[in-house]
Amino acid sequence: MRRPRQAVHLTPGTPRLPGLRPAIAVDLIIQAPALESSVAESIAGQCGAVSLHALDGGGQRAWRLVEVRSPDRAAEACTRARCDYALVPPGLARGSVRVVAMDMDSTLITIECIDEIADLQGIRPAVAAITASAMRGEIDFRESLAQRVALLAGLPVSALAEVYEQRLRLSPGAERMLAGFRVHGAKTLLVSGGFSYFTGRLQERLELDATASNTLEVDDGRLTGRLVGEIVDAEGKARHLAAMRARYAADGGIVLALGDGANDLPMLALADVSIAYRAKPVVRAQATYALDYCGLDGALNLFA
């Protein structure tokens, strides 16, 4: 059974973890693909950091600013510098992460698969408009999914292979992020409102522990425009995350979730630490942290 979160109000940009109390001083992580040391030193000065240390940032340049005394200045300073930032408690440890859950489309991978499938059908603008509206939270996800899938009726299954082989690309830093958490024993969950054709192949390719997604109905080698089985929507994503917590983190440890769209919000809300990855404004506003400039491996730098 999951322990309840502490009813404490934390500085924006700090995780809500069981037992965590607001610290007198927190550390500030700053990172971007290109961030000069002189800029890092300037931000450290503005935020009153006791010291700063360069991190092994992988695809980005990253620093930990230790014990910042003016954390309220971080947002303005980092916005000017065009870098990602996070106020983190010093004890937030990578080895404490037990579950890493992530969305697929526009999070683990760079594309929206259904939009690319629609492109092969010559109906990309219509489908993409519905996708964008759903990800902003303007229309119900289930309704939008049914509308979009119906438009794919008649498309040969071979189109899915074309999208996977020719158009699907991992987001920058994806493999490094997964390896960085996996080495400490974290279990991984890919949960998507997209399609099992893609999640299954990514699971095998990336050695993910579990996936959940929607299954397209096929008849005589062509899509029927319908789904079969469980519908994985926003609440479905949250249920699968809760199951992973119960299995791998019931006795403690951190559950981390990453997503970009409105249908990720229930899942992100269940996580101890949530990251909005190049996300819609509604998601950035509710997540613990945001990565707008860095690749997915920027998540590693938030944990000591």
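In this report, the structure presented in the accompanying data block is examined. (Residues numbered from 1 in each chain as written. Predicted model: local features only at pLDDT ≥ 70, side-chain atom pairs only at ≥ 80, totals over all residues. Heavy atoms only, no water.)

**So, the overall build of the protein**
Right, on to step 1. Counting its regular elements, the protein contains twelve helices and eleven strands.
Right, on to step 2. Here the protein has a C-alpha radius of gyration of 20 Å; the compact-globule value for 304 residues is 19 Å, and the two agree.
Right, on to step 3. In terms of principal-axis extent, the alpha carbons of the protein reach across some 65 × 40 × 35 Å.
Right, on to step 4. Within the protein, the proportion of its 304 residues that are buried is 51%.
Right, on to step 5. Here the contacts in the protein between residues at least 6 apart in sequence split such that 66% fall between residues at least 24 apart.
Right, on to step 6. Carbon and sulfur atoms make up 50% of the accessible area of the protein, which amounts to about 13,100 Å² in all. (Helix = DSSP H or I, 4+ residues; strand = E, 2+ residues; numbered from the N terminus. Rg over C-alpha atoms; globule rule 2.2 N^0.38 Å. Buried < 20%, exposed > 50% of the residue type's maximum accessible area, 1.4 Å probe, protein only. Contact = heavy atoms within 4.5 Å. Areas by Shrake-Rupley, 256 points an atom, 1.4 Å probe, with all protein chains shown as cover.)

**So, the sheet that holds strand β11 (residues 289-291)**
Right, on to step 1. As summarised here, the arrangement of the seven strands in space is β8-β7-β6-β5-β9-β10-β11, forming an open sheet in which the pairing is mixed. The open sheet is flanked by β8 (222-228) and β11, the only strands paired with a single partner. Taking each pair of neighbouring strands and ignoring which way they run, the sheet shows an average axis angle of 25 degrees.
Right, on to step 2. Alignment of strand β7 (residues 210-219) against β8, held across four bridges, turns out to be antiparallel. For Asp219, the partnering residue across the bridge sits in β8 and is Arg222.
Right, on to step 3. Sheet contacts for helix α8 (residues 174-182): β5 (97-102), β6 (187-195) and β9 (254-259); angle to β5, the most-contacted strand, approximately 155 degrees.
Right, on to step 4. Sheet strands touched by helix α9 (residues 196-206): β6 and β7. Its angle to β6, the strand with the most contacts, is close to 160 degrees. (Pairing = 2+ DSSP bridges. Axes fitted to C-alpha atoms, helices over the stretch in contact; angles between N-to-C directions.)

**Observations concerning the sheet that holds strand β2 (residues 51-55)**
By definition, the strands of a sheet pair up through backbone hydrogen bonds, in either a parallel or an antiparallel sense.
Right, on to step 1. One open sheet accounts for four strands, arranged β2-β3-β1-β4; its pairing is antiparallel. The sheet terminates laterally at β2 and β4 (84-88), the two strands that pair on one side only. Each adjacent strand pair in this sheet contributes to an overall mean axis angle of 20 degrees, direction not counted.
Right, on to step 2. Sheet analysis places β2 next to strand β3 (residues 61-68), joined by five bridges and oriented antiparallel. Counted as the bridge partner of Leu55 is Ala62 from β3.
Right, on to step 3. Here helix α1 (residues 37-47) sits on the sheet and contacts β1 (26-32), β2 and β3; the angle it forms with β3, its principal contact strand, is near 20 degrees.

**Quick notes on helix α10 (residues 234-248)**
Right, on to step 1. Here α10 spans 21 Å end to end across 15 residues, near enough to the 21 Å set by a 1.5 Å rise per residue.
Right, on to step 2. When we look at burial in α10, the residues that qualify are Ala234, Gly236, Lys237, Ala238, Leu241, Met244 and Arg245.
Right, on to step 3. Tucked inside the fold, the buried residues of α10 contact β5, β6, β7, β9 and α11 (265-270).
Right, on to step 4. Regarding α10, its N-cap is Asp233, as a side-chain oxygen of that residue lies 3.3 Å from the backbone nitrogen of Glu235 further along. (Expected span 1.5 Å × (residues − 1). Polar contact = N/O pair within 3.5 Å; in protein donor to acceptor, adjacent residues only side chain to side chain.)

**Overview of the pattern of salt bridges**
Right, on to step 1. According to the stated counting rule, one finds 17 salt bridges in the structure shown.
Right, on to step 2. The salt bridge involving Arg64 is made with Asp27; its shortest N-O contact spans 2.8 Å. Separated by 37 residues along the polypeptide, Arg64 in strand β3 and Asp27 in strand β1 bring together distant segments of the chain. Here Arg64 matches Asp27 in class, with each residue buried.
Right, on to step 3. Among the ionic pairs, Lys237 bridges to Asp103, the shortest N-O distance being 2.9 Å. Note that Lys237 is positioned in helix α10 and Asp103 in the loop between β5 and α3 (104-108), a separation of 134 residues in sequence. Accessibility assignment for this pair places Lys237 and Asp103 in one class, buried. (Salt bridge = Lys/Arg side-chain N within 4 Å of Asp/Glu carboxyl O.)

**Observations concerning the packing of aromatic side chains**
Right, on to step 1. With the rule as written, the count across this model stands at two aromatic pairs.
Right, on to step 2. An angle of 85 degrees between the planes, with centres 5.7 Å apart, marks the rings of Phe181 and Phe303 as edge-to-face. With Phe181 in helix α8 and Phe303 in the segment after β11, this residue pair connects regions lying 122 residues apart in the sequence. Comparing Phe181 with Phe303 shows no difference in burial state: the two are buried. (Phe/Tyr/Trp six-rings, centres within 6.5 Å; stacked < 30°, edge-to-face > 60°.)

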